[in-house]
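# Secondary and tertiary structure notes
Spelled out, the chains give:
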Amino acid sequence: MKALVYGGPGNKSWTDVPDPRIQQPGDVIVKIDTTTICGTDLHILKGDVPAVEKGRILGHEGVGTIVETGPSVTGLNVNDRVIISCIKSCGHCANCKAGLYSHCLGGEGQEGTGWIFGHLIDGTQAEYVRVPYAENSLHLLPAGVSDEQAVMLSDILPTGFEIGVQYGRVKPGDTVAVVGAGPVGLAAITTAGLYGAATVVAIDLDANRLEKAKEFGATDTVLSGSRDWKEQVLALTGGQGVDVAIEAVGVPATFGMCTDIVRPGGSVANVGVHGKPVELHLENLWIQNISISMGLVNTNTTPMLLKLVAQGKIRAEKFATHHFGFDQFLDAYDTFSRAAETKALKVIIT
Ligand code: NAD
Ligand code: ZN
C-alpha cells in the first residue's frame, strides 16, 4: 500500500510500504477513506517529537471502512464505516475505566501515556491502518454523517471540548476566552455553547481565523497583536476578567495571556502542546485563586459529540477548507503548512 512515511526531520514521502496485518485478536484493519493533517504532524516533521522514529506512518485522524477483523472482535464487521480515535485504548484497564483513555495501561509491550496513531504506532495517512483494541478505538458511523464531518471527531472536536471546555469547567452564562482560533480553538469555541457559555471571545493574531471564529459561534473577537488586546477583553467583562480562558496555541506567551485575562477564582485550561518546560508564576495565580488544568485528549466524549454532529448541532463540516486525493498528499501538506497564506483550516484527503 501507499503511506505518508516520516523520514527524519524535514523528510517525508508518499511511498510503498507493506500492508498492515492483524497482530492481536482485538485488531481491526481499516481501509482509509478520508484523513487529514494536524499541526502535530508538522511538529513531528520538524523533529520536535523525538519519540517518533524514522519509518513511522504519520496521521492520527481518519474515517474508513473495515476490511478485516481479529478473532476476538465483536460488534464491528467488514464493510462497517468507522471513525478512528486518535488514541488507541483498551477500554478495560483502571485508567480506561476512569475515562483516561490517553493513559491506557493496555498490553502489547508498550506502557504509559499517549498511544497516539502516527506517534508510537503507525498512523492513518495511509491506504490501510491497523487499529488495536478496535472495539474501544473505533466508532461506528451512522448514515447521514459525512466522512468530512466525521474526521473532525478523531481529534480536534474531542480535544477542544474535553481539555478546553470540560476541564475549564464552563458553566451556563460564563464568559469564555479562547486564545488561538486554529482547528482546536475553534472546536473549543463551538462546543463552549454546549454548556451555555454566554460570551465567547476568540483571540488570534490572524484576522482570517477571527472571521472563522465568528462562524463557529464566537460572540466577540480580539486581534491579539493589537496593543490594547487585554483592555478589549476586560471591557467585555466590566473589567473583571473572563470566567474561563482556554489556551489553544501551545506557546508560553499565550499561556501568560490566559492568566492575564482570567477573573479571580476563574480557570485556565491549557490545551496547547508546549513541547518544552514553561515558567509558571505560581505567586500571581495563587493570589488570584486561579485553577489551571491541562492534559492529553481522551476521546471518551467522541460518541456523544458524534450524536450532536449527526443532529446538526455541531457543524463539523465547516472545518474543511481544502480537498485533495491520496496522490496529492504532498500538495495537501504544502497547503496546510502555509495556512496563513492559503487560509487552510483542515485539509481533507480522500
Ligand atoms: P494551529 O497552529 O492550527 O492554530 C493555532 C492558532 O493560534 C493559529 O490560528 C494562530 O494564528 C494562533 N496564534 C499563534 N500565536 C498566537 C498568539 N500569540 N496569540 C493568539 N493567537 C495566536 O493549532 P491547532 O491544530 O488548532 O492546535 C492548537 C494546539 O493544541 C497545538 O499546540 C496542538 O499541538 C494542541 N493539541 C493538543 C491536544 C491535546 O491533547 N491537549 C490535542 C491536539 C492538539
Ligand atoms: Zn486501557
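Residues numbered from 1 in each chain as written. Chains lettered and ligands numbered in written order. Predicted model: local features only at pLDDT ≥ 70, side-chain atom pairs only at ≥ 80, totals over all residues. Heavy atoms only, no water.

The next subject is the site of ligand 1. Of all residues adjacent to ligand 1, which total 23 residues, the nearest are D204, R209, V249, G295 and V297. R209 places a polar side-chain atom, nitrogen or oxygen, 2.8 Å from an oxygen atom of ligand 1. Between ligand 1 and the protein, one listed contact pairs an oxygen atom with a backbone N or O atom of V249 at 2.8 Å. Relative to its free-state accessible area of 870 Å², ligand 1 is covered by the protein chains to the extent of 84%. Secondary-structure elements contributing two or more residues to the shell around ligand 1 are α6 (183-192) and β9 (199-204). Looking at the shell around ligand 1 residue by residue, the class counts come to 12 nonpolar, 8 polar and 3 charged. (Near = heavy atom within 4 Å. Polar contact = N/O pair within 3.5 Å; in protein donor to acceptor, adjacent residues only side chain to side chain. Areas by Shrake-Rupley, 256 points an atom, 1.4 Å probe, with all protein chains shown as cover. Helix = DSSP H or I, 4+ residues; strand = E, 2+ residues; numbered from the N terminus. Nonpolar A, V, L, I, M, F, W, Y, C, P; charged D, E, K, R; others polar.)

In terms of nonpolar packing, the biggest core is built from 47 residues, with M152, L157, L186, I189, I246 and F319 touching the most fellow members. Within the residue set of this core, elements represented by two or more residues are α5 (156-166), β8 (175-179), α6, β9, α7 (207-215), β11 (242-247) and α11 (302-310). Mapping this core onto the domain boundaries places at least three of its residues in each of domain 1 (2-155 + 299-349) and domain 2 (159-294). Excluding residues within four positions of it along the chain, I189 makes contact with V178, V200, A202, A213, F216, G217 and A218. (Core = buried A, V, L, I, M, F, W, Y, C linked by side-chain atoms within 4.5 Å. Buried < 20%, exposed > 50% of the residue type's maximum accessible area, 1.4 Å probe, protein only. Domains from an automatic or database assignment. Contact = heavy atoms within 4.5 Å.)

In this section: the coordination of the zinc ion (ligand 2). Summarising the metal site, the zinc ion (ligand 2) is bound by the protein donors C90 (SG), C93 (SG), C96 (SG) and C104 (SG), whose distances to it range over 2.3 to 2.4 Å. Coordination geometry of the zinc ion (ligand 2): the 4 donor atoms subtend angles of 101 to 120° at the metal centre, consistent with an arrangement described as tetrahedral. Spacing between the donor residues of the zinc ion (ligand 2) along the chain follows C-x2-C-x2-C-x7-C. Placement of C93 in the loop between β5 (81-84) and α2 (94-97) and of C104 in the loop between α2 and β6 (128-131) is noted, with a sequence separation of 11 residues between them. You'll find C93 and C104 in the same group, each marked buried. (Donors = N, O, S within 2.8 Å, 3.2 Å for Na, K, Ca; no water. Tetrahedral: all angles 85-135°; square planar, octahedral: opposite > 155°, others 65-115°.)

The next point concerns the domain arrangement of the protein. Looking at the protein, the domain boundaries give domain 1 (2-155 + 299-349) and domain 2 (159-294). On a C-alpha basis, the centres of domain 1 and domain 2 stand 27 Å from each other. The interface is formed by 20 residues belonging to domain 1 together with 18 residues belonging to domain 2. When domain 1 packs against domain 2, close to 1,400 Å² is buried across both sides, 61% of that on carbon and sulfur atoms. On the domain 1 side of the contact with domain 2, K318, F319 and L345 bury the most area, a combined 37% of that side's loss. Inspection of the region where domain 1 meets domain 2 yields 0 salt bridges. Tallying contributions element by element places α11 first for the side of domain 1 that touches domain 2, with 4 residues. (Buried area = accessible area lost by both parts, 1.4 Å probe. Salt bridge = Lys/Arg side-chain N within 4 Å of Asp/Glu carboxyl O.)

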